[in-house]
Structure formats: C-alpha cells, structure tokens
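# What the coordinates show
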Amino acid sequence: MATKAPITDLAKEWLRLDKNVETRKEIETLLEENKTAELEARLRHRIEFGTAGLRAAMEAGFSRMNDLTVIQASQGLCLYVLEHVKNAKERGVVIGHDHRHHSDDFARLTAGVFLSKGVKVYAYKDLVHTPMVPFGVKSLNAACGIMITASHNPKKDNGYKVYWENACQIIPPHDEGIAQMIHDNLEPWVWDYKSFENPALVDPTEELVPAYFKEVDSLCIAKAANTASETKFVYTAMHGVGYPFAKEVFERFGFKPLIPTKEQVLPDPEFPTVAFPNPEEGK
C-alpha cells in the first residue's frame, strides 16, 4: 500500500508549479493558518477529466479550476490530439470562452499551450456562446475544440469543455486517454497570458459568425408562418452571453422580437439575480 504524502509536501509541490500570485497566496495562507482540512480538500486529489471535460470552483488547488490545472489539462489534450488526430497540427484547434471570472485567462493559457507545440490556433477573442466552438471545429475541419465555460453552474465555478474532430463532445475512450496524458505531463512547459497577441493565432469571428447565421437561415422552413404568428417569446440570458445570438436567430426565423428580461440580459460574471443560473432548476 502506497504511503500517503504529507499535505505539506503537496502544498510545496503546488507552490513549485504555480506561477499565479493570487492562487499561490491562497495556499500560502492556508499553510500559515494550519488549515489542514481545506488543504486536503484542495490538494489531495486531482480534478477529474471526463466526457464533460473539467468543471470545478475557481480557486487554488489540484482539485480546482485555476491557471495551473487548465495548463495541465491543455498539455495533456494537446499531446493526445497530436497523437490521435491525423494532421492535427495543420488542422488546428478552436478555442472560445464566456464571460465568467478568469475565462479569458484560461482561454489565453490554453491557446499558449497549443501554439507552443506549433499547432494552428483559432481563438474567438471576444465572448461567444458555446455552439460557436463545435461550429468552428466543423467549419474549419479542426482537430478539436475547447470552450471555457461552466454553463449553468454557480458563479464560483468554471469549466473546460472539449470537442473532438467530429465537432461533438468527447466520448470514451478518449476521455480516459486524455486524462492519462494530462497525468503524464503535469510540469508546465509554457505560461502565456499574451497568446492572443501572437501573430500565429487566428480570430475566426468575422468569418464564422456570419457563416453560423447563414446555416441557421437554412434551417428555417416556415418563415411566413413565423412572421404571421402572434406568439410572444420572453428571453433571459441569466447574465450569460447568449442574448445577441438568440436575438439574431429569432429575427432570421421571422418571429416577433424577443422580449428580454432586462435585469438579466447582459453578461455579468457575478450573476447578481440568480444563485444558480440554470433554467431547469428554477432558482
């Protein structure tokens, strides 16, 4: 039976690897205050990578979402894709992010990892809703896609969704293979917050957003009936990024304009009116 490493050793390993001042300070403070139970919760186990990618609270620790665990996940994913997807380096990766705290940094750090291995990177520099990433994978014939979002989770959480070359979220055995590759490549090889300024990175927004709506147009089979309809639709983005896209889709289908819930229509990482922004929960 393997001997359990002392929690102080795990904390030292975290401090050796982490380059983020804020998350380093979190672990240092927990050590100084001798908060062993909290250190155990954050450091004893690694965040699990599965078919939904990663999702956890944003704070320091191997079991949480932070710069280090995002870089480690990106390294494992990058190497796995290069090994298992034909012409992955040339086909590239599509990266998007929402408005949550740290989403922009996580997207930049992810892009930096792939760029460092010579992989072509398509990154939406501005906010996009999740479907733009798989749509980008499909449209550009990319090797994979990553969306930084925690969907409907509370504001403290963030996530890392992965799409395979078929523009669908990953399924077994890829999840296990990526998880193993992450475990085998935990030492950060790059920590690049400025990747979006790299001239090798391509922002596909101007090309793909119009293409997305063109494809939406092709799905409308009853525009005249939609236009004649008196049905009213109320829409809330629940402080997310979906409103501009939903508004445009309804216009293209010929419906009357959406009636937005003004208090919730703009992106806000604080989610001030909802503790749990999930329409299925009703909270």
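Residues numbered from 1 in each chain as written. Predicted model: local features only at pLDDT ≥ 70, side-chain atom pairs only at ≥ 80, totals over all residues. Heavy atoms only, no water.

Test applied: UniProt positions are given in the numbering used here, feature names are shortened, and annotations may be inferred rather than shown by experiment.
Looking at an unreviewed UniProt entry, one finds the protein chain named Phosphoglucomutase-3, with Linnemannia exigua as its source organism. Quoted straight from UniProt, the Sequence similarities (unreviewed entry) entry for the protein chain says "Belongs to the phosphohexose mutase family." Turning to the protein chain, the UniProt record has this under Subcellular location (unreviewed entry): "Cytoplasm".

### Overview of the overall build of the protein chain
Where we set the bar: A helix here means a DSSP run of H or I that spans at least four residues, while a strand means a run of E at least two residues long, and both kinds are numbered starting from the N terminus. Our radius of gyration looks at C-alpha atoms and nothing else; its globule reference is 2.2 Å times the residue count to the power 0.38. With a 1.4 Å probe rolled over the protein chains alone, any residue whose accessible area is under 20% of its type maximum counts as buried; one over 50% counts as exposed, and the rest are partly exposed. Contacts were defined at the residue level, with two residues in contact if any of their heavy atoms lie within 4.5 Å. In this tally, Asp and Glu contribute negative charge and Lys and Arg positive charge; neither His nor the terminal groups of the chain are included. Taken as the charge location is NZ of Lys, CZ of Arg, CG of Asp or CD of Glu.
Within the protein chain, the regular secondary structure consists of 11 helices and seven strands. Against the 2.2 N^0.38 benchmark of 19 Å for 283 residues, the protein chain shows a C-alpha radius of gyration of 21 Å, consistent with a compact globule. Residues classed as buried in the protein chain amount to 50% of the 283 residues present. Pairs at least 24 apart in sequence give 73% of the contacts found in the protein chain among residues at least 6 apart. Taking the 33 positively charged and 40 negatively charged side chains of the protein chain as two groups, their mean positions are separated by 2 Å.

### Quick look at the packing of helix H1 (residues 7-17) against helix H2 (residues 21-32)
Just so we agree on the cut-off: Simply put, an axis is a line fit to the C-alpha atoms, just over the touching stretch for a helix, and the angle between two N-to-C directions goes from 0 to 180 degrees. Convention used here: angles under 35 degrees read as roughly parallel, angles over 145 as roughly antiparallel, angles from 65 to 115 as roughly perpendicular, and any remaining angle as oblique. Whether a crossing is left-handed or right-handed is set by the direction in which the near helix is turned from the far one by less than a right angle, anticlockwise for left-handed and clockwise for right-handed.
Between H1 and H2, the least distance of the axes is 10 Å, while the angle of their chain directions is 155°. When the axis of H1 is compared with that of H2, the two are roughly antiparallel. Crossing of H1 against H2: the hand is left-handed. Mapping the contact onto sequence places Thr 8, Ala 11, Trp 14, Leu 15 and Arg 16 in H1 and Thr 23, Arg 24, Ile 27, Glu 28 and Leu 31 in H2.

### Notes on the sheet that holds strand S5 (residues 157-163)
Applied cut-off: Any two strands with at least two DSSP-identified bridges between them are counted as paired.
Across the sheet, which stays open at both edges, the five strands sit in the order S1-S5-S4-S2-S3 with mixed pairing between neighbours. Looking at the sheet topology across the chains shown, the edges are occupied by strand S1 (54-57) and strand S3 (121-123). Recorded for the sheet is a direction-independent mean angle of 15° between the axes of neighbouring strands. Relative to strand S4 (residues 144-148), strand S2 (residues 93-97) runs parallel, the two being bridged by five bridges. Its bridge partner lying in S4, Val 93 is registered against Cys 144.

### Here we look at the packing of helix H4 (residues 67-84) against helix H8 (residues 174-183)
This is how it is decided: Gly is put with the polar residues, along with every residue not named as nonpolar or charged; the nonpolar set is Ala, Val, Leu, Ile, Met, Phe, Trp, Tyr, Cys and Pro, and the charged set is Asp, Glu, Lys and Arg.
The geometry of H4 relative to H8 is characterised by a closest axis approach of 8 Å and an angle of 120° between their N-to-C directions. Viewed along their axes, H4 and H8 adopt a mutual orientation that is oblique. Crossing hand, H4 versus H8: right-handed. Between H4, through Gln 72, Ala 73, Gly 76, Leu 77, Leu 79, Tyr 80 and Glu 83, and H8, the contact on the second element is made entirely by His 174, Gly 177, Ile 178, Met 181 and Ile 182. Classifying every residue of the contact of H4 with H8 by side-chain character gives seven nonpolar, four polar and one charged.

### Considerations on the packing of aromatic side chains
How we decide: Two rings from Phe, Tyr or Trp (for Trp, the six-membered ring) form a pair when their centres are within 6.5 Å of each other. A pair whose planes differ by under 30 degrees is stacked, one over 60 is edge-to-face, and the rest are tilted.
Tallied over the full model, the rule gives nine aromatic pairs. For the ring pair Phe 233 and Phe 250, a centre distance of 5.0 Å and an interplane angle of 70° mean the geometry is edge-to-face. One end of the pair, Phe 233, is in the loop between helix H10 (223-228) and strand S6 (234-235); the other, Phe 250, is in helix H11 (residues 243-252), with 17 residues separating them in the sequence. Among the residues examined, Phe 233 registers a relative accessible area of 29% and is labelled partly exposed. A ring pair is formed by Phe 250 and Phe 255, whose centres lie 5.5 Å apart and whose planes are at 45°; its orientation type is tilted.

### A closer look at the side chain of Asn 153
Here Asn 153 lies in the loop between S4 and S5. Judged by relative accessible area, Asn 153 falls into the buried class, the value being 18%.

### As for the UniProt feature "domain: Alpha-D-phosphohexomutase alpha/beta/alpha" (unreviewed entry) in the protein chain
UniProt's entry tags residues 47-185 and 211-281 with the feature "domain: Alpha-D-phosphohexomutase alpha/beta/alpha" (unreviewed entry), counted in the numbering of this structure. Between the end C-alpha atoms of residues 47-185 there is a gap of 14 Å, over a span that is 40% helix and 17% strand.

### Focus on helix H3 (residues 36-43)
Rules: Along the arc lie the directions from the helix axis toward the C-beta atoms.
Along H3, the residues that are buried comprise Leu 39, Arg 42 and Leu 43. Mapping the buried residues of H3 onto a view down its axis gives an arc of 80°, with all of them on the same face. Of the surrounding secondary structure, the elements contacted by the buried residues of H3 are H1 and H2.

### Describing the environment of Leu 10
Mapped onto the elements of the fold, Leu 10 is located in helix H1. Since its relative accessible area comes to 16%, Leu 10 is described here as buried. Sequence separation of Leu 10 and Leu 43 is 33 residues, and the distance between their C-alpha atoms is 6.4 Å. Excluding residues that lie within four positions of it along the chain, Leu 10 makes contacts with Ala 5, Leu 43, Arg 44 and Phe 62.

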